[in-house]
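Below, each chain spelled out in residue letters.
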Amino acid sequence: MTVEECYNAFGGDYSEAIGRLGSDVLIKRFMLKFSSQCGYDSLCKAMEEEDYEAAFTAAHTLKGVCMNLSFAVLGKSSSLLTEALRNGFSEEVPGLFGQVQEDYKKTVDAINEVA
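Residues numbered from 1 in each chain as written. Predicted model: local features only at pLDDT ≥ 70, side-chain atom pairs only at ≥ 80, totals over all residues. Heavy atoms only, no water.

### Some points on helix H6 (residues 72-85)
Here is the rule we go by: The helix and strand labels rest on DSSP assignments: H or I over at least four residues marks a helix, E over at least two residues marks a strand, and numbering proceeds from the N terminus. Multiply 1.5 Å by the residue count of a helix minus one, and that product is the helix's expected span. Partly exposed residues are those whose accessible area sits between 20% and 50% of the maximum for their type, while under 20% is buried and over 50% is exposed, using a 1.4 Å probe and protein chains only. Contacts are residue-level and defined by heavy atoms, with any inter-residue pair within 4.5 Å sufficient.
Helix length check: H6, at 14 residues, gives a terminal C-alpha distance of 20 Å against a target of 20 Å (1.5 Å per residue), a fit within 8%. Buried within H6 are the following residues: Leu74, Gly75, Ser77, Ser78, Leu81, Thr82, Ala84 and Leu85. Here the buried face of H6 lies against helix H3 (24-37), helix H4 (40-48), helix H5 (52-69) and helix H7 (93-111).

### So, the nonpolar core
The nonpolar side chains of a soluble globular protein tend to be buried, and buried together. Selection criterion: Among buried residues, those of type Ala, Val, Leu, Ile, Met, Phe, Trp, Tyr and Cys that are joined through side-chain atoms within 4.5 Å constitute a nonpolar core.
Counting residues in hydrophobic clusters, the biggest one holds 37 residues, and the most contacted among them are Tyr7, Met31, Phe34, Leu43, Leu62, Phe71 and Leu81. Looking at this core, the elements with two or more residues in it are helix H1 (3-10), helix H2 (14-21), H3, H4, H5, H6 and H7. If we ignore the near neighbours within four places in the chain, the residues touching leucine 81 are Leu43, Ala59, Val93, Leu96, Phe97 and Val100.

### Looking at the side chain of lysine 63
Short version of the rule: Only four residue types enter the tally: Lys and Arg on the positive side, Asp and Glu on the negative side, with His and both chain ends excluded. When a carboxyl oxygen of Asp or Glu lies within 4 Å of a side-chain nitrogen of Lys or Arg, that pair is called a salt bridge.
By secondary structure assignment, the location of lysine 63 is in helix H5. Buried and unpaired, lysine 63 has no salt bridge, with glutamate 83 as the nearest side chain of opposite charge at 4.6 Å. Those residues in contact with lysine 63 that sit more than four places away from it in its chain are Gly75, Ser78, Ser79 and Thr82.

### A few points about the confidence of the model for the chain
Rules: Confidence per residue, as judged by the predictor, is encoded in pLDDT with a range of 0 to 100.
Across the chain, pLDDT averages 96, with 99% of residues at or above 70. Across the chain, the element-wise mean pLDDT spans from 93 in H3 up to 98 in H6.

Spelled out as C-alpha cells, the structure:
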C-alpha cells in the first residue's frame, strides 16, 4: 500500500499532508512512529482509571498529532473527545471515546499495511 492509498483507507487528507511535509518519505517516517508517540495508550489508561484530567491531556495530544499529520477522521473524533473532556466527565465521553478507538484502529491498521 502506498502512503496515499493509506491516507485514503483511513480518511486522511493526503494532499494537505504532502503540502505540509513535502514528501512521502517524510510522511511515512512520521506515520511509522505514530502509534508509539501519539498519546493513545495514555488516553486508554486514563479512561480505564477514570482520570479525566489525564484523559483530556492525552486526547489533546492525540488530536494535535493527528492534525499535524492530516489524519482527518481520527483528528476530528479526538478533537470532539478533547472538548467533551475539557471540563471533566460528561455523558457523551464514553461514546466519543468509542469512536476514537474505532478510528484509531482503522488508522493504525492502514499504517501497518504501508509498503
